[in-house]
Amino acid sequence: MQFRAIIFIFAVAFIFFSCVNVGVEPQRHSYSVMFVLSNLDKHQRLYIFKTAPFEESTSFDRHFIEKYVVKDADAELITSEGRFKFKYGIVDSLCYSETSEGLKIFPNSECKLSIKISDGTEITGVTRTPGKVEIIKPSNGEIFKLSREERFRRLYADVVFSLRGGEGAYGYIVNAPYPEVSIWGGYRFVQDTVAKLRLEFDEEFIKNIDTLKLTIKVYAIDTNFYHHAVMGVDKAGIANAYGVFGSMIGDSVMVKFVR
Amino acid sequence: MIKLILLLIILCSNLAISQRFTLKGTVVDKSTKLPIENVNIEVVNIGKGTISDRDGYFELKLPFGEHKIKFTHLNYNPHEETIHRDTAGAVILKIELEPRYIEFKPVEVQSKMKKVEYENFSKFEINYDFIKASPTIVEEDILRTVAMLPGVVTLNDFTTQIYVWGSNFDQTGVFLDGMPIYNPYHFGGIFSMFNQYIIGSATLYPGGQPVVYDDYSSGILDIESKTPGYETYDLKTEISMANLKLYTEVNLSKAGKLAIGMRRIYLDLILRLLSDEFKRSPYYFYDIFARYSLLSSGKDMFSLTGFVSKDVFDYFGVNWDPAEILFSKMPAWGNAGLSLRWMHILKDENFFELRSYVSNSFFKTKAELIDLGWKFLDVNNDLIDWGINGFVQLSPFENLKLKVGGSFKNVDFNYFWKSDGIDLWDILTAEITVEERVDARSEEVFFDNAPNPFDFKRRISKTSLYFDGFLKLKKFQINTGVKLIHSSSNNQIKLSTNLNLTYNLSPKVDVSLIYGRYYQYIQMIKDKVSATLTAPFSVFLPLETPIRANHFVVKTGVKDIFGRDKLDVSFYLKTFDGIKSSVDDMRLYTYSSGISYGLNLYFNQEFKWFNWYVSYSFGRAFKEVDDYWYPANYDQRHSVKIFVNVRLTRKWDLSLFWVYGSGLPYTPIYAKYLGYGYGLNTSQVYPFTWNLISGGRNSRYLPDYHRLDVKFEGNYVWGRFQFKPFVQIFNVYNNVRVFRYEFLSYSSAPSKSPGSFIIPSIGVEINLNL
């Protein structure tokens, strides 16, 4: 009787264990794309890179990165205004840019991307640009007085940004492109249309400057750029490659900082 | 003259020796005839005494003459003997003591009720002897003992965090005297917060638990503290290589008894003595436990349990110059709780019980620092759970028991943290992690992708009515339970159910079919970050939609196949819906499903000098996110566990534990690509970042591992002292268990993190009868 019970248990177990299921591997790609359209930029920059095996040591050095640039792709951007061919090496040795001058990026418009690589890989992407954005604060030419942080020998000013528009945006990027003097620079993400940011400057760098003029750009960003850059999604607005095809619509303002 | 004096001395001493005789014998239980350990044997007329050893044996040297010997033990009626002897030699006594349980009848009734009612549930009873015999790291620990049971998984060999029968750790509830304990750990999980001396009994329900335990969707570890009055020593203490433990009981009145247990790590004190570097204690923990029991008129028993367990880590003092610290409050985390219980005997085994509790889990710290910039950290996490539960148990017939009750539970979640420049991850893993830390974002310390700053306040309450019935027919036993639950989190009523059908195929074989449905309203959300060595503090969050679990368990028990043995074969299938999970690499959440199934074989034999068990477990555990099914972090496919406890000599025991387990899953990284990156602390977007390309989530498995642990334990009686020295070696042959592969974007090979190494330890338990 004991053994009959054990056999019964094993029979039930066998039925269930036969249903073992393992998840499928995600599709892998050989290329990555960084392409974020911007209405404020003179040239649109499309970056196409090969992926690197994990076993390869990598670095952020420009010359190192250049090794991974795909230089022989056929790239085309399709906007409501027409089709625009992109070519490698026009403005930079890392990127592709448009070959004709008529390309303009408009708010609330759909743009498509098509890339054909020599090995037959076809990469496509779609983005919808956010609505027009306008900086309300700070106003053009507004002057900010720099305060001194004694402990760290830094100068800083707290700047309140206030924006209008940007419909369909998933967030905003504030860019103060003055890296030589700004400790804080680059692209800073803010979620809301009103934000207070502290701009800091190394006192050593601006010791001979009484009034510092800075052009600050603020962009409304689309869902693709947000998902890739902020949320960390590997593929956003793009197929058959990692990276992002996104867009941002911006406004700029010039402000002054005085001691 | 000198020779004459020497001669006199020798003669006198010989005379003195010859005027003594030996009194020896054994003390046994009158009803069971089993030896009784720790009987206090006092020679009343000369004030001398000893205690019996584990064989009930005692021995005393007494002068010639008449002596009145008194035998006392808390669980037995006192006994007196008068002996007279004027010649050398030995007097041999065999004393039988009569048990006295009358004054603890409520406890007896309650334990009896539990045993009958939930007898055929799938469960493991963990008693003090098993905990004591388990070879572990540094000292005994109930959670480590639980990890030795079939189907229980740990993510590495250091942690005491348990994953029971295909479920995450937060799906198994840990209770102490009815209080839910949310983070029952010290030292990041290397020790549990339970001093083993306070433990009276513990039961692990790994699946298909009784419906009264509906708060957790997978299993229950129900720990009841020791009822004061059963302890046979006035003072118990243990000195291990890290901690000092104490336990004592005090009679506050004729019917009221107080038990106190304390533990503190003392390594920090030694470090302070050894090095100036550690003048400020880098880390310490302690726990204090007290239980007061009052018996009133033989029909009412009240008990009040309170505890505090706390870890304190002076992270700022260790890592920063005092001149750089503007303000700091050392990171401290732990638990505190209070439980009140009233049992009233109505008649025979009919009684009612009322229990209320409050349980708090906390993590707090605050600091402002100057370190090449201004840094600050403010963490104030509090979870306060309180509730009341009452039921009446009636037994109208001998084979029928009915339990009707209701409960109310309220949980307040108060979480706040804000950090800039101070990495919470560093704080919680500093000085503990062996290998280079995984490049995790600080906010993931508490749960996946939590924002910074985080300010979360929420309250949920739950009201339940339940019924539990037990009916025993000739060969059938039926246990059914239903529980109606109303939760404020979604204002809905849910029905938890449980059905257990047991059929006795023969006197030696029974088969049980168990079904249970449970709802879990509180969950820890953390399944994305790589496994860590330690688990210091987890943030539990309320769920708007509860996790719904279905359990199916088929269990067969076969007794006496070879004699004095038992074979348990259990098959389980658990399904889960509504598990809140983070989406891979995204700061988003989704509700996902889970399924786990497995088979456990457990065979044990018990003899007087030898007991052992062997178990084999097969298990699979999967989770699903967006229709993608992947193995859960705790998906251990095979494990074999063997435990042997043998009495080597009259004074020494040997315990061995060997485990083989298949490796746990990990997510492989195949390649890297250039894209954008994001700094959570700085909110900056960085172009040209090398991002990692993952393979399937948890689609590869770490290497299998095996380990042998050994423990020797002695037992010596010296006067009124009992010494129990122990020597144990954890991972005897130093077989490294890899518990994690770390992939960093700048490196070209994953590093392997060792999850175990050889750890020898010694200690001694000293018991004293005053």
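Everything quoted here is computed from the prediction, not taken from an experiment. (Residues numbered from 1 in each chain as written. Chains lettered and ligands numbered in written order. Predicted model: local features only at pLDDT ≥ 70, side-chain atom pairs only at ≥ 80, totals over all residues. Heavy atoms only, no water.)

Looking at this structure, how should I read the overall build of chain A?
For chain A, the count of helices and strands is three helices and 19 strands. Buried residues in chain A amount to 46% of all 259 residues. Contacts in chain A between residues far apart in sequence, at least 24 positions, make up 64% of those at least 6 positions apart. By element, 50% of the accessible surface of chain A is carried by carbon and sulfur atoms, the whole surface being about 12900 Å². (Helix = DSSP H or I, 4+ residues; strand = E, 2+ residues; numbered from the N terminus. Buried < 20%, exposed > 50% of the residue type's maximum accessible area, 1.4 Å probe, protein only. Contact = heavy atoms within 4.5 Å. Areas by Shrake-Rupley, 256 points an atom, 1.4 Å probe, with all protein chains shown as cover.)

Which parts of the structure should I look at to understand the sheet that holds strand β1 (residues 20-29) of chain B?
Within a sheet, adjacent strands bond to each other through the backbone by hydrogen bonds, running parallel or antiparallel. Residues and elements named next belong to chain B. Strand order in the open sheet made by the three strands is β4-β1-β7, with mixed pairing throughout. Two strands bound the open sheet, and with one partner strand each, they are β4 (57-63) and β7 (90-97). Shown here is a sheet whose adjacent strand axes are inclined to one another by a mean of 25 degrees, direction ignored. Sheet topology places β1 next to β4; seven bridges connect them, and they run antiparallel. Paired with Lys24 across the two strands is Glu59, which belongs to β4. (Pairing = 2+ DSSP bridges. Axes fitted to C-alpha atoms, helices over the stretch in contact; angles between N-to-C directions.)

Would you mind showing me how to read the sheet that holds strand β8 (residues 124-126) of chain B here?
Residues and elements named next belong to chain B. One open sheet accounts for five strands, arranged β8-β15-β16-β11-β12; its pairing is mixed. Only two strands of the sheet have a single neighbouring strand rather than two, namely β8 and β12 (179-180). With five bridges connecting them, strand β11 (residues 172-176) and strand β16 (residues 219-225) associate as parallel partners. Note that in β16 the partner of Thr172 across the bridge is Gly219.

How do you make sense of the environment of Tyr197 of chain B when you look at a structure like this?
All names here are of chain B. By the element assignment, Tyr197 lies in the loop between β14 (191-192) and β15 (199-205). Each C-alpha atom, one on Tyr197 and one on Leu246, is 8.1 Å from the other, the two residues being 49 residues apart in sequence. Reaching out from Tyr197, the side chain makes a polar contact with the side chain of Glu765 at a distance of 3.4 Å. (Polar contact = N/O pair within 3.5 Å; in protein donor to acceptor, adjacent residues only side chain to side chain.)

Please explain the confidence of the model for chain B as it appears in this structure.
The predicted coordinates ought not to be read in detail in places where the model reports low pLDDT. All names here are of chain B. In this model, chain B carries an average pLDDT of 84, and 86% of its residues clear a pLDDT of 70 or more. pLDDT under 50 marks residues 102-107. Its contacts with residues more than four places away, or in other chains, come to twelve contacts. Long-range and interchain partners of residues 109-116, a stretch whose pLDDT sits below 50, account for 17 contacts in this model, where long-range means more than four residues apart. (pLDDT = per-residue confidence, 0-100.)

Even after reading the chapter, I still don't get the environment of Ser247 of chain A, so can you show me in this structure?
Residues and elements named next belong to chain A. Position of Ser247 among the secondary structure elements: in strand β19 (residues 242-258). Considering only alpha carbons, one finds Ser247 and Ala220, 27 residues apart in sequence, at a separation of 8.6 Å. Residues contacting Ser247, with those up to four places away along its chain left out, are Val36, Leu37, Thr127, Arg128, Thr129, Pro130, Ala220, Ile221 and Asp222. Here Thr127 takes part through its side chain, which lies 3.0 Å from a polar atom of the side chain of Ser247.

What should I look at first to understand the pattern of salt bridges in this one?
It is possible for side chains bearing opposite charge to pair when their charged atoms get close. Residues and elements named next belong to chain B. Enumeration over the complete set of coordinates arrives at 41 salt bridges over all chains. We note a salt bridge from Asp215 to Lys409, for which the minimum N-O separation is 3.5 Å. Here the residue Asp215 occupies a position in the loop between β15 and β16, and Lys409 occupies one in strand β25 (residues 400-420), the gap between them amounting to 194 residues. Overall, Asp215 belongs to the buried group, its relative accessible area being 19%. Between Arg459 and Asp412 there is a salt bridge whose closest N-O contact spans 2.6 Å. Here the residue Arg459 occupies a position in strand β26 (residues 454-472), and Asp412 occupies one in strand β25, the gap between them amounting to 47 residues. Residue class for Asp412 comes out buried when judged on its relative accessible area of 15%. Salt bridges here are not isolated pairs; linked through shared partners, they connect Lys132, Glu139, Glu140, Lys236, Glu238, Lys245, Arg263, Asp287, Lys711, Glu713 and Glu765. (Salt bridge = Lys/Arg side-chain N within 4 Å of Asp/Glu carboxyl O.)

Would you explain helix α3 (residues 223-230) of chain A in this entry?
Residues spaced three or four apart along an α-helix point in a common direction, a consequence of the helix completing one turn every 3.6 residues. Residue and element names in this part refer to chain A. With six of eight residues buried, α3 lies mostly within the body of the structure. For α3, the complete set of buried residues consists of Asn224, Phe225, Tyr226, His228, Ala229 and Val230. Phi turns positive one or two residues past the end of α3, at Gly232, with a value near 80 degrees.

Explain the state of the cysteines to me, please; I cannot follow it from the model alone.
Between two cysteines, a covalent bond joining their sulfur atoms is known as a disulfide. Residues and elements named next belong to chain A. The tally for this structure, following the rule as stated, stands at zero disulfides over all chains. Cys111 supplies the cysteine sulfur nearest to Cys95, a cysteine that is in no disulfide, at a spacing of 17 Å. Judged by relative accessible area, Cys111 falls into the buried class, the value being 1%. (Disulfide = S-S within 2.5 Å.)

Can you walk me through unusual backbone geometry in this structure?
Negative phi is the rule for most residues except glycine; trans is the rule for most peptide bonds. That bond from Lys137 of chain A to Pro138 of chain A is cis: its omega, -5 degrees, falls within 30 degrees of zero. Here Pro138 of chain A lies in the loop between β9 (133-137) and β10 (143-145). Positive phi outside glycine occurs at Phe688 of chain B, with the angle close to 55 degrees. Looking at where Phe688 of chain B falls in the secondary structure, it is placed in strand β39 (residues 684-694). A positive phi angle, close to 50 degrees, is found at Asn734 of chain B, a residue other than glycine. The topology assignment puts Asn734 of chain B in the loop between β43 (721-730) and β44 (738-742). The class of Asn734 of chain B is partly exposed, set by a relative accessible area of 38%.

In this structure, what is going on with the pairing of strand β2 (residues 40-43) of chain B? I would like to understand it.
Relative to strand β3 (residues 48-51) of chain B, β2 of chain B runs antiparallel, the two being bridged by four bridges. The residue bridging Glu42 of chain B from the neighbouring strand is Gly49 of chain B, located in β3 of chain B.

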